[in-house]
Amino acid sequence: MEFGYSKEHVLLRDLYRKFAETEVKPLAEELDEEERFPVESISKLARFGFMGIPFPKEYGGAGGDYLSYSMAVEELGKVCATTSVIVSAHTSLCAGPIYMFGTEEQKQKYLVPLAKGEKLGAFGLTEPSAGTDSSMQQTTAKLDGDEYVLNGTKVFITNAGYAEIYVIIAMTDKAKGNRGISAFIVEKDTPGFSIGKKERKMGIRGSATCDLIMENCRIPKENLLGKEGQGFKIAMQTLDGGRIGIASQALGIAEGAIEECVKYVMERKQFKKKIGQFQNTQFELADMATKVEATKLLIYKAACEKDAHRPYSHLSAMAKYMAGSTASDVTRRCVQLFGGYGYTRDYPMERMMRDAKITEIYEGTSEVQKMVISSWLGLK
Amino acid sequence: MKIVVCIKQVPDTVEVKIDPKTGTLIRDGVPSIINHDDKTGIEAALTLKEKIGGTVTVVSMGPPQADIALREALAMGCDEAYLVSAREFGGSDTYATSGILAAALDKIGYDVIITGRQAIDGDTAQVGPQIAEKLHLPQVSYVEELVDAGADYVTVKRQFEDGYHIVKVKTPCLLTAIAELAEPRYMSVGGVFEAYTKEIKTIGFEELKDGLELDMIGLKGSPTNVYKSFTKEMKGAGTVLNDLTPEQAVEAIVNKLEEKFII
Amino acid sequence: MSKGIFVVIEQRSGKVQNVGLELIGESTRLKEDLKDEVVAVLLGHEIEGQVDKLFHYGADKVILVDSPYLKEYVTEPYTKAITAIAKEYDPEIMLFGASSIGRDVAPRVASRVKTGLVADTTGLRMAKTEEEYAKEAAMGCEDPTRALLMTRPAFGGNIMATLMCPRTKPQMATVRPGVMKRIAKDTTRTGQLIKFNVDFTDADMNVEILEVVKADKKAVDLTEAKLIVSGGRGIGGAQGFDLIRDVADALGAEVGSSRACVDAGWIEKDRQVGQTGKTVRPDLYMACGISGAIQHVAGMENSELVISINKNDTAPIFEVSDLGIVGDVKVILPKLADAIRKYKAAKANN
């Protein structure tokens, strides 16, 4: 088993880190405070190839692999969880399924501008009554001549409003249950398609999370992604990849928290000593660093298995479960080491703690991940 | 137009530390970077190429580890890369280095050569002008702006401490770049993958020996030699006053200024 | 035998620059050991009026090259003239100011006469000890008693290196402005003026100067300033420089900065003190909210009086300060500006 990074990954890490430190970190506090979507960052991310990392060059991508994509989400996550999830949702949840299941025409029309970062993407699966139980889709799509007519409401959609291309999951044949679900590509300015209320969130407050409302929204039938009835499979495979993205985001948050914390405990003095010289501080951070490193290996393994086209659903579920709980645990403990200052907005620690929580919830809660893992164990 | 940029891989000095016991520089684990002025030069070259067409070639003299610096340059958008490397070249001072690089540039070919003004480890600012001298080229150093360019000339803004010149120079020529000239772009993700599909051509001693003053290269041939290196002595500490009220602090400062006849 | 300590004098708009006088001053000190003459080399157009000044500050001889080709600084005519002088007189030592002119022309001259050049030196002395003689001789130096040891900062000021140029002549260095001291002006001093002719041709003007702009400088160059109040990251932002300017105004001082503030865009680059900025040696250097990274200290440690204010009592700036105040610059500075103004007003009334 190989633990070293390839040369590309070494150079990419350097690029990601510099870009994150210089372009992303300075905005993080403001985006959180003002709940502002970082429109200006998207064009910069696009210019340097961050919006289509794991897709081939002929489709406008960077020609990279999933590992290099996951490292990008991680490095962005270290400094700004908001920016990190924008890239993750765009890449894994929108460009990803079009690359995996799209026709050549769909790839040329939609994947190319997505991968180049000219257009932002989003994914609509969750509904008010179909969260963890995503098979309970209420949104319907009916074929009417050359068009599908979509009706229904999606909730908690990341990048909503700013995205121009949406992959939407809808029921084409209710009688068939999961096998009656299909996936579609919907453009933002399609009549009947609108953006609903924006959520006010605990963390990742700069990321746009809104309802999508479809009222007799007519799209050409060529915009069916895959075949009719393949939608549930498409959604699940999309989430397998997406979970590596979210795990990487969570990993980044935890790493960023540790970096900030190490810096702080070497500055802050109590009882005439730097608090980093107390064994409690040292052991806390040693414990956190160990968990983070184990998490990283699991995530990278999941990414490498995906790159090698081997089964990886269980690994991405494990990675996301572990990374989410690690991020929450590490940020909480870092706030504790910061003490009162950690609870204030003068330091980024409280923001990181708020941001971390969502990684245990979205793209499948930790409980969903445990369902996937136990089912892989044969427990049904 | 064939634009050639000379770059140097240097330790990231912000992170350089002194071993408190031996007083020597700890270079282990210190990351290496492309020297900042040189990176500015790369950006200027890429901008020049975008403006008037041509190719950007990047050249570095150094050990094989300089490979990553050249890859980074390729990932920023340079077209081809050369590594000038040989045991015989080690320990060269600026005179020797410029002789070797000039011989390499002679082989590679050029219309415009861009170097950074100076490297952050040596801070000499001599290699650029000395390459120009060896190649009998006009030079403009301290370039802070690219004003205009055409098929056979470039016009630049040359910085002085008390103003600037706008200088037009016919190609072939050499320019040295300062930080004000350009903000270096990032590598692109796609560029990184492309960089590793390209070959970095190595130029060694054998390829260059006919074009070199053989007694003027390497540690032995360099006209200047290091007599010794030492850690800088810090000025002795004076009084540090803690726990003063702002008023007491102000009084202490004013008293000191008065004592030293500043006010 | 090579002889003479040659100083290439920098002039701008026909005026001799300080660094040239500093180098003459330093050369008179080297002369005590070398027992040789100090020769100032002055190049320009219609600049003979500046010659006496060079004698007044210690030159024994002045070599003057006066030509319209030297009106504005252009690399090739200057290189050609200095090289011709070096070849004609075979100097033992040749010094240049480490300015944007000196550092442009000196490398070309060194390369053309095939000798070494040490950049941006801050210390010069003749070899004196047996150990130094032995090392010079071992490296091929024929007369180690005439060997120059040149000291300069390297690796961002973390390390000082002393270099030698044992086998080739002249022993050449560029010297950082503001470091060496000129000697007291003596208007009775005089010396020998040599007018040196160089055959310039139009081909020497190998670049075309389209425009010459002298910057409209409102502020005094930091290297010339007597008093400097400098701000660092601890002042909190661009608006923190308003406090710095206020104190500077009360004192009649110039404003300086650490690199962090320049990088953050709080103040212009020409205010930066330190390894990558300017080296200053004012009578007063007041460091406000500057931690004192080694790169900064490299540029201000020769100041006569250093007063620093910093929140952090372990800040390294205190190690090079004559007076250190642990406290908040944002609170102290406004009060200090008031106190200085009051003090001055009271003094004026007495």
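Residues numbered from 1 in each chain as written. Chains lettered and ligands numbered in written order. Predicted model: local features only at pLDDT ≥ 70, side-chain atom pairs only at ≥ 80, totals over all residues.

1. Things to note about the overall build of chain B
Then comes step 1: Along the backbone of chain B there are eight helices and 15 strands.
Then comes step 2: Viewed in the frame of its principal axes, chain B has a C-alpha envelope of about 70 × 45 × 40 Å.
Then comes step 3: When each of the 263 residues of chain B is scored for burial, the buried share is 52%.
Then comes step 4: Taking the intrachain contacts of chain B between residues at least 6 apart in sequence as the baseline, contacts between residues at least 24 apart amount to 70%. (Helix = DSSP H or I, 4+ residues; strand = E, 2+ residues; numbered from the N terminus. Buried ≥ 20, exposed ≤ 12 C-beta atoms within 10 Å, placed from the backbone. Contact = placed C-beta atoms within 7 Å.)

2. A short note on the interface of chain C and chain B
Then comes step 1: Facing 72 residues of chain C, the contacting portion of chain B comprises 66 residues.
Then comes step 2: No other element matches helix 9 (residues 329-349) of chain C, which puts eight residues into the side of chain C that touches chain B.
Then comes step 3: Grouping the amino acids of the side of chain C that touches chain B by side-chain chemistry returns 37 nonpolar, 15 polar and 20 charged.
Then comes step 4: Sheet analysis places strand 11 (residues 163-170) of chain B next to strand 13 (residues 208-214) of chain C, joined by six bridges and oriented antiparallel. Following the sheet pairing, B:V167 is matched in strand 13 of chain C by C:I209. (Nonpolar A, V, L, I, M, F, W, Y, C, P; charged D, E, K, R; others polar. Pairing = 2+ DSSP bridges.)

3. What about the pairing of strand 9 (residues 148-154) of chain C?
All names here are of chain C.
Then comes step 1: Across the seven residues of strand 9, six count as buried, placing the element largely inside the fold.
Then comes step 2: Where strand 8 (residues 123-126) lies against strand 9, four bridges are found, and the strand directions are antiparallel. Residue G123 lies in a different strand from strand 9, and its bridge partner there is T151.
Then comes step 3: Direction of pairing for strand 9 relative to strand 10 (residues 159-164): antiparallel, over a ladder of six bridges. Its bridge partner being in strand 10, T151 is matched across the sheet by T162.

4. Digging into unusual backbone geometry
Then comes step 1: Residue B:T171 is joined to B:P172 through a cis peptide bond whose omega torsion reads 0°.
Then comes step 2: On the secondary structure map, B:P172 appears in the loop between strand 11 and strand 12 (173-177).
Then comes step 3: Its identity is not glycine, yet C:S13 carries a phi of approximately 50°, on the positive side.
Then comes step 4: Among the structural elements, C:S13 can be located in the loop between strand 2 (11-12) and strand 3 (15-16).
Then comes step 5: Non-glycine residue C:D120 carries a positive phi angle of around 55°.
Then comes step 6: In this fold, C:D120 is placed in strand 7 (residues 117-121).
Then comes step 7: Among the residues examined, C:D120 registers 24 C-beta atoms within 10 Å and is labelled buried.

5. Some thoughts on the environment of C:E142
Then comes step 1: Examined against the element boundaries, C:E142 turns out to sit in the loop between helix 5 (130-138) and strand 9.
Then comes step 2: Linking C:E142 and C:K330, residues 188 residues apart in sequence, is a C-alpha distance of 60 Å.

6. Here we look at helix 2 (residues 67-76) of chain B
Then comes step 1: Of all ten residues in helix 2 of chain B, eight are buried, a share of seventy percent or more.
Then comes step 2: Within helix 2 of chain B, burial applies to B:A69, B:L70, B:R71, B:E72, B:A73, B:L74, B:A75 and B:M76.

7. A few points about helix 8 (residues 313-338) of chain A
Then comes step 1: Its 26 residues give helix 8 of chain A an end-to-end C-alpha distance of 37 Å, which sits within 8% of 38 Å, the value for a rise of 1.5 Å per residue.
Then comes step 2: With 20 of its 26 residues buried, helix 8 of chain A lies for the most part within the structure. (Expected span 1.5 Å × (residues − 1).)

8. Thoughts on the sheet that holds strand 10 (residues 153-160) of chain B
Then comes step 1: Pairing in this open sheet of ten strands is mixed, and the strands run 13(B)-7(B)-6(B)-1(B)-8(B)-12(B)-9(B)-10(B)-11(B)-13(C) from one edge to the other. Two strands lie at the open edges of the sheet, namely strand 13 (200-203) of chain B together with strand 13 of chain C, each paired on one side alone. Each adjacent strand pair in this sheet contributes to an overall mean axis angle of 30°, direction not counted.
Then comes step 2: Both strand 1 (residues 2-7) of chain B and strand 8 (residues 112-116) of chain B contribute to a ladder of four bridges, which runs parallel. (Axes fitted to C-alpha atoms, helices over the stretch in contact; angles between N-to-C directions.)

9. Section: the arrangement of the chains
Then comes step 1: Among two pairs of chains with at least one contact, chains B and C form the most extensive contact set.
Then comes step 2: At the C-alpha level, the nearest point of chain A lies 9 Å from chain C, with no contact between them.

10. Topic: the sheet that holds strand 7 of chain C
Residue and element names in this part refer to chain C.
Then comes step 1: Strand order in the open sheet formed by seven strands is 7-11-6-1-4-5-12, and the pairing between neighbours is parallel. Taken across any chain shown, the strands that pair with only one partner, and hence form the sheet edges, are strand 7 and strand 12 (192-195). For this sheet the average axis-to-axis angle between neighbouring strands, irrespective of direction, equals 20°.
Then comes step 2: The pairing of strand 1 (residues 5-9) with strand 6 (residues 93-97) spans four bridges and is classified as parallel. Bridge pairing links V7 to L95 in strand 6.
Then comes step 3: Sheet strands in contact with helix 1 (residues 18-34) are strand 1, strand 4 (38-44), strand 6 and strand 11 (171-175), and its direction is about 180° off that of strand 1.
Then comes step 4: Here helix 4 (residues 102-112) sits on the sheet in contact with strand 6, strand 7 and strand 11, set at roughly 170° to strand 11.

11. Quick look at the packing of helix 3 (residues 66-79) of chain A against helix 4 (residues 81-101) of chain A
Residues and elements named next belong to chain A.
Then comes step 1: Where helix 3 meets helix 4, the axes come as close as 7 Å, and the angle between the chain directions of the two elements is 155°. Relative to helix 4, helix 3 is oriented roughly antiparallel. Contacts from Y69, A72, V73, L76 and G77 of helix 3 reach helix 4 at A81, T83, S84, V87, S88 and T91.
Then comes step 2: For the contact of helix 3 with helix 4, a count of residues per class yields six nonpolar, five polar and no charged. (Parallel < 35°, antiparallel > 145°, perpendicular 65-115°, else oblique.)

12. Here's the deal with the packing of helix 3 (residues 94-108) of chain B against helix 4 (residues 127-134) of chain B
All names here are of chain B.
Then comes step 1: Close contact between helix 3 and helix 4 brings their axes to 8 Å; oriented N to C, the two are set at 55°. As the angle between them shows, helix 3 and helix 4 are arranged oblique. As helix 3 runs across helix 4, the sense of the crossing is right-handed. In this structure, helix 3 uses T94, Y95, T97, S98, G99, L101, A102 and L105 to contact helix 4, whose residues at the interface are V127, Q130, I131 and K134.
Then comes step 2: Residue composition of the contact of helix 3 with helix 4, grouped by class: six nonpolar, five polar and one charged. (Left-handed = near helix turned anticlockwise from the far one by under 90°.)

13. Details of the pairing of strand 5 (residues 181-187) of chain A
All names here are of chain A.
Then comes step 1: Most of strand 5 sits out of view: six of its seven residues are buried.
Then comes step 2: Where strand 5 lies against strand 8 (residues 224-225), two bridges are found, and the strand directions are antiparallel. Following the sheet pairing, F184 is matched in strand 8 by L224.

14. Examining the environment of A:G64
Then comes step 1: Take A:G64: it is sitting in the loop between helix 2 (39-47) and helix 3.
Then comes step 2: Under the C-beta neighbour-count criterion, A:G64 is labelled buried, with 25 such atoms within 10 Å.
Then comes step 3: Beyond its immediate stretch of four places on either side in the chain, A:G64 contacts A:I53, A:P54, A:Y69, B:V189 and B:F193.

15. Quick look at the nonpolar core
Then comes step 1: Counting residues in hydrophobic clusters, the biggest one holds 264 residues, and the most contacted among them are A:F184, B:A73, C:V7, C:V41 and C:L54.
Then comes step 2: For this core, the element with the highest residue contribution is helix 6 (residues 231-265) of chain A, accounting for 16 residues.
Then comes step 3: In contact with C:V41, not counting residues within four places along its chain, are C:F6, C:V7, C:V8, C:I9, C:I63, C:I82 and C:I85.
Then comes step 4: Counting residues in each nonpolar core, the second largest holds 53 residues, with C:W266, C:C288, C:I325 and C:L336 among its members. (Core = buried A, V, L, I, M, F, W, Y, C linked by C-beta atoms within 7 Å.)

16. Observations regarding the confidence of the model for chain B
Then comes step 1: Averaged over every residue, the pLDDT of chain B is 91; the share at 70 or more is 92%.
Then comes step 2: Reported for the predicted complex are a pTM of 0.85 and an ipTM of 0.91. (pLDDT = per-residue confidence, 0-100.)

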